[in-house]
Amino acid sequence: MHDFAERVLSLLDRREVGYADVRVIESRDRTISTKNGKMGTAASDESLGLGVRVLVNGCWGFASTDDLSRDSLAAVAKRAVEIARASARAKKEDIVLADEPAANVNWISPCQIDPFSTSIEANLDLLLRADAEMRAVQGITLAEASLNFRRARQLFMSTEGSVIEQTRVITGVGIEAHCYADGDIQSRSYPNSFRGQYQLRGYELVGEMDIVGNARRIAEEAVALHKADQCPQGKRTLILDSSQLGLQIHESIGHPIELDRVLGMEANYAGTSFLTLDKLNNLKYGSEIVNVVADARLEHGPGLGTFAYDDEGVAAQCTDIIKDGQFRGYLTSRETAAMVGAKNSGVASLRSGGTMRAEGWNRIPMIRMTNISLLPGTWKLDDLIADTDDGIYMETNRSWSIDDRRYNFQFGCELGWEIKGGKKVRMLKNPSYSGITTEFWNSCDAICNKDHWTLWGTPNCGKGQPSQTMGTGHGAAPARFRNVNVGVAYGG
Amino acid sequence: MIDPQRCQEIFAELLKYSQADETELLIGGGTHSLTRFANNTIHQNVAEEGYALSVRCVFGQRTARATTNRFDVESLKRVVAEASTLARQQQPDPELLSMPGPQQYEPVHRYFVATSQASADERAQGAVSAIRIAERNRQVAAGTLSTGEAMHALLNSRGLTAYYRGTNAEFSFTATAPSSTGWAKQSTPDLRDINPGELAEEACRIAARSAEPREIPPGRYVTILSPAAVLDLVGFMFCDFSGQALRDQRGFLTGRVGEKLFGENISITDDAYHALQTGAPFDGEGIPRQRLNLVEKGVVKELAYSRQSAKHAGVALTGHGFSLPNEMGEFPMNIVIAGSTHSIDEMIASTERGILVTRLWYIREVDPYKKILTGMTRDGTFLVENGKVQHGIRNFRFNESLVDLLNAVEMMSKPERSSGEESFPMVVPAMKVSSFHFTEATKF
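Residues numbered from 1 in each chain as written. Chains lettered and ligands numbered in written order. Predicted model: local features only at pLDDT ≥ 70, side-chain atom pairs only at ≥ 80, totals over all residues. Heavy atoms only, no water.

So, on to the overall build of chain B. Scanning chain B from N- to C-terminus turns up 10 helices and 19 strands. Here the C-alpha atoms of chain B give a radius of gyration of 24 Å, agreeing with the 22 Å that 2.2 N^0.38 yields for 444 residues. The C-alpha extent of chain B, read off along each of the three principal axes, is 70 × 55 × 35 Å. Residues classed as buried in chain B amount to 63% of the 444 residues present. Taking as baseline every contact in chain B between residues at least 6 positions apart, the subset at least 24 positions apart corresponds to 72%. Charge separation in chain B, taken as the distance between the mean sites of 46 positive and 53 negative side-chain charges, equals 2 Å. (Helix = DSSP H or I, 4+ residues; strand = E, 2+ residues; numbered from the N terminus. Rg over C-alpha atoms; globule rule 2.2 N^0.38 Å. Buried < 20%, exposed > 50% of the residue type's maximum accessible area, 1.4 Å probe, protein only. Contact = heavy atoms within 4.5 Å. Lys, Arg positive; Asp, Glu negative; His and termini not counted. Charge placed at Lys NZ, Arg CZ, Asp CG, Glu CD.)

This is the structure in structure tokens:
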């Protein structure tokens, strides 16, 4: 890896190239899934490639290849420079990077059990046992279970002298039970929808999730949903479980705080943000108990947004996003931190927040969520429900949508419970809720404590052109919101 | 780009190391370059080249796949060994079919040198010409111009050989005015078909026309949907036009095939050979793609099948399977929706009160059987009254059933190749529907 990166950097004419970095990535993936008692997917994937990013005459160029021969490396270095020269045709200002000290690091994410050391037989046996438990419940028409493992070793090397090697191991596990009957499909997932829970951990996560032990319960819930009443429509008190709250954070806090969106760089695709620069330190984002951080450090937890250094060589940091309800910070890069600092010194830090990440060797880094987490509150969940006279508790995401400036959102969940007099009194099907971001977060009046807090992994966050998929982390404990619009998705 | 001869050489080498009863090789990849602009300047400019080879081994009734992007001999040995190990550890699948033998394919020509050879300078020039138009309109440009070439080959030990190459070019443009936005997009295999200036002018006109958007109450409205909006909506239903989905009872067609589910004026085909379509004439198992009448005069007629799902259903092969092994089976991806001859202007002129939608965004499925979708309008939403576009309006959230939507189509334009964000490009018309349920308004 070092030879490839050094060679590319050595081929660049430093009289023309103001800055360059090279990322070499070697990755390995395993996907095993089952469906209705049979193997669904059994696939292994390995990849090795290199991407080089250059600043020439104040403009970016990027090129990548998986051909690591000498000729190819020379060609890719040349191509990156040519592309940067072409970028200058529409230059307004030179790109400037916020200062960052060079680093020389070798970091490996903690992993107790290497998932690739586990046998396929053992993987399949686990999934098929969970599958059998789900299908043992009468009425289940489709049972699915999956395991996903990834190990990526990345070398980052820059003309500023950074040499950063990181190895990250990710494990994902999940099950889904579906029930079709009488023109209706109901589903339950565990530990989360859309292929389960993902963390920066080894196979030990799989054991902790105990998919076999939870399979029958979720299957029974999927069947029971058919007989449940429809979620009512109107303004209600809402309690969200931690996984749904994780996605709520992702969509209505994580994306709007991306400074590239704020500055218009995503206007054509992912959209912009209501969090214009004047809002920083000048917006009551949520109620006073709402505290949100962007924390990529390992001490925050083994999230999909945990690393030692981002993909432009900036150390992992914890940034206050919302402090006591007030909007305090953006997700930034070296380029955007410098832009904002230059425009309005004092509005934002001149140092990058360290959030630049790329899907792989063939993609350019961009601002991505790290672990965007709601810090825990003080409530026990049982006490919170007992304290709720009339409300709805919603579990596990089923659908999600938000406008391109991140104001109006609507979420659907797999299962709801009506709460009356401090007790769950009846199951509700097809629960949904909608709102405006800041109104919603300002209506938060209770957050559960750290015993209920989970760092969820969202492995499928899409952004950018060409599109990049990234894993993000979201820590959350169940929380209560007042006067929320529920049920409109099925409204007449 | 990897040519057919090189594919054969790789496969011959691969077979030396395979002890499997049957062996299949997929090779895919190519080049893709994209120039991205925002704030009237190019801010990202990238190029990539990459290929992957994927090996599937079969031992008895067991199969699995391993993939690598390394083509040296040691990597070929390793990927075969990995696929073999994975396959041997599977449980037998009694429904696994032997690989297909040689097939005949209808030729398609979707490779254009003007696209594959486009330079960074050409893309930058296209971007600059569009940016200048935004600047002349005192608006701000954001968008992309991309070009690329891709190949896809499938070979197996029973003698099947399939090879496809094609090019793709895409231009997408968002114009931002002080209080509004507009958008236009086009994708085609031939870069020469794209006129960035025309598309930029269109987006700027939409932005200007929707200035100072006013809030109107949500509710059910007569609605005119652009082709891009139509494709982003209907794209959510085609994964259910699948024999495997029917077997899994996972989609909205469970128990409905043969029913008149949509309006009499709705006819939909899957046609990989349509002049405006792209992609290979074979599926993930190397089976030739067949034309399908998915919907005829509102009746759900035919589904897509893989070899395995076709055998289970007792029907002929359609050539729509994904590469094995997989969970989804198959679905149609060369959609052509029959339209009519009405222009969007005629739709507007015929509307007493309604909404005109340029683009939809962040569409997600709320209910899998009722096929309720939610999403937002964006980049140019208008109130139409008395046959004329009156003014821009604040964007709406919608919750609408696709089944209801396709029973409410009153007018359609001539179908065109269109690109959106939520689904693959299709050949679709604009539609005027008698009712579309907007449930909330947002802040802009």
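There's plenty left to go through after this.
The interface is formed by 84 residues belonging to chain B together with 86 residues belonging to chain A. Across the interface of chain B and chain A, roughly 7300 Å² is buried in total on both sides, 47% from carbon and sulfur atoms. Counting the contacts that link chain B with chain A gives 15 salt bridges. Note that Glu-266 of chain A is salt-bridged to Arg-36 of chain B, the shortest N-O span being 2.8 Å. Linking chain B with chain A are 57 residue pairs in polar contact (both at pLDDT 80 or more), by the criterion used here. The leading source of residues in the side of chain B that touches chain A is strand β2 (residues 41-59) of chain B, at 11 residues. Tallied by class, the residues present in the side of chain B that touches chain A amount to 26 nonpolar, 32 polar and 26 charged. (Buried area = accessible area lost by both parts, 1.4 Å probe. Salt bridge = Lys/Arg side-chain N within 4 Å of Asp/Glu carboxyl O. Polar contact = N/O pair within 3.5 Å; in protein donor to acceptor, adjacent residues only side chain to side chain. Nonpolar A, V, L, I, M, F, W, Y, C, P; charged D, E, K, R; others polar.)

On inspection of all chains with the given rule, the structure shows 32 aromatic pairs over all chains. Judged by centre distance (5.6 Å) and plane angle (80°), the rings of Trp-441 of chain A and Phe-481 of chain A are edge-to-face. With Trp-441 of chain A in helix α10 (residues 437-442) and Phe-481 of chain A in strand β24 (residues 479-486), this residue pair connects regions lying 40 residues apart in the sequence. The two residues Trp-441 of chain A and Phe-481 of chain A agree in class, both being buried. Note on Phe-396 of chain B and Phe-438 of chain B: the rings are 4.7 Å apart at their centroids and 25° apart in plane angle, and the pair reads as stacked. (Phe/Tyr/Trp six-rings, centres within 6.5 Å; stacked < 30°, edge-to-face > 60°.)

Here we take up helix α5 (residues 196-209) of chain B. All names here are of chain B. For α5, spanning 14 residues, the distance from its first C-alpha to its last is 20 Å, which sits close to the expected 20 Å at 1.5 Å a residue. Within α5, the full set of buried residues consists of Pro-196, Gly-197, Leu-199, Ala-200, Ala-203, Cys-204, Ile-206 and Ala-207. Where α5 is buried, its residues contact α4 (120-136), β5 (161-176), β6 (181-188), β12 (353-367) and β13 (372-385). Between the side-chain oxygen at the start of α5 and the backbone nitrogen of Gly-197 there is a gap of 3.0 Å, and the oxygen is on Asn-195. (Expected span 1.5 Å × (residues − 1).)

Interfaces are often described in size by the accessible area the parts lose on coming together. All names here are of chain A. Per the domain assignment, the segments of chain A are domain 1 (2-227) and domain 2 (230-490). If you average the C-alpha positions of domain 1 and of domain 2, the two centres end up 21 Å apart. Note on domain 1 versus domain 2: buried area summed over both sides is about 4000 Å², and carbon and sulfur give 53% of it. Across the contact surface, domain 1 and domain 2 share 6 salt bridges. Notably, a salt bridge pairs Arg-351 with Glu-100, separated by 2.7 Å at the nearest N-O pair. Here domain 1 and domain 2 share 26 residue pairs in polar contact (both at pLDDT 80 or more) between them. Classifying every residue of the side of domain 1 that touches domain 2 by side-chain character gives 24 nonpolar, 16 polar and 13 charged. (Domains from an automatic or database assignment.)

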